[in-house]
Amino acid sequence: MKKEFMRKAIALSVENVTNNLGGPFGAVIVKDNKIIATGANCVTTANDPTAHAEVVAIRNACKKLGSFQLDDCEIYTSCEPCPMCLGAIYWARPKAVYYGNTKKDAADIDFDDQFIYDELDLPLNNRNLKMQQFLGNEAIKAFKLWSESTKKLEY
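Residues numbered from 1 in each chain as written. Predicted model: local features only at pLDDT ≥ 70, side-chain atom pairs only at ≥ 80, totals over all residues. Heavy atoms only, no water.

Caption draft 1: Broad picture of the nonpolar core. Ile29, Ile36, Ile58, Ala61, Leu70, Cys73 and Ile75 are the most contacted members of the largest nonpolar core, which totals 17 residues. In terms of residue count, the dominant contributor to this core is helix α3 (residues 53-65) (5 residues). Those residues in contact with isoleucine 36, other than ones at most four positions away along the chain, are Ile29, Lys31, Ala61, Lys64, Leu65 and Cys73. With 6 residues, the next largest nonpolar core counts Met6, Val28, Val30 and Tyr76 among its residues. (Core = buried A, V, L, I, M, F, W, Y, C linked by side-chain atoms within 4.5 Å. Buried < 20%, exposed > 50% of the residue type's maximum accessible area, 1.4 Å probe, protein only. Helix = DSSP H or I, 4+ residues; strand = E, 2+ residues; numbered from the N terminus. Contact = heavy atoms within 4.5 Å.)

Caption draft 2: Local environment of a nonpolar patch on the surface. Nonpolar side chains collect at one region of the surface, where Phe68, Trp91, Trp146, Leu153 and Tyr155 lie side by side and expose about 640 Å² of accessible area between them. Here tyrosine 155 lies in the segment after α7 (136-148). Taking the relative accessible area as the measure of exposure, tyrosine 155 reaches 60% and is therefore exposed. (Patch = residues over 30% accessible without salt bridge, like charges linked within 9 Å, V, L, I, M, F, W, Y side chains within 5 Å. Areas by Shrake-Rupley, 256 points an atom, 1.4 Å probe, with all protein chains shown as cover. Salt bridge = Lys/Arg side-chain N within 4 Å of Asp/Glu carboxyl O.)

Caption draft 3: View of the layout of surface pockets. In this structure, the largest pocket encloses a volume near 380 Å³. Phe25, His52, Cys82, Phe111 and Asp113 are the residues nearest the centre of the largest pocket, which is lined by 23 residues in total. Secondary structure elements with two or more residues in the lining of the largest pocket: α2 (43-46), α3, α4 (83-92), α5 (103-108) and α6 (114-120). Class assignment for the residues of the lining of the largest pocket results in 13 nonpolar, 5 polar and 5 charged. Taken as a whole, the second largest pocket holds about 150 Å³ of empty space. Phe115, Ile116, Glu119, Leu120, Arg127, Asn128, Leu129 and Met131 are the residues that line the second largest pocket. Looking at the lining of the second largest pocket residue by residue, the classes come out as 5 nonpolar, 1 polar and 2 charged. (1 Å grid on protein atoms, 1.4 Å probe; cavity = no way out; pocket = protein on both sides within 12 Å on 5 of 7 lines; lining within 4 Å. Points joined across faces, edges and corners; volume = space filled by probe spheres on them. Nonpolar A, V, L, I, M, F, W, Y, C, P; charged D, E, K, R; others polar.)

Structure (structure tokens):
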């Protein structure tokens, strides 16, 4: 854990607000004690609800590394990751995540993700967003092909 990396993530979050580029969030990804990628929230400027700082940084790092995993990397982010970012982080498989602000700090300025955590605890038919299986008997074909493939690259 190094202060310089967290300070860079924080600086990115401050710059983002100062330059009106998006929300107050920044992230850096470190490998071998060097920053290999950065990201800042650009949801509103990119018109992309997935363009959170951590996701942007993960995309940039994976592109630079030529890999879909962040082996031996650390993520420094200006705020505790939201549910979406946390999912992306788990899929990317870094060795550690360090954060500055908490999810309560974020909620205090109207970035409250508690409703998502609450929704995930509900059965599908009790969620606010309608979810219903459709054509599962046809969709399963791709899963069968994947299961039987000898060419797949597992992740």
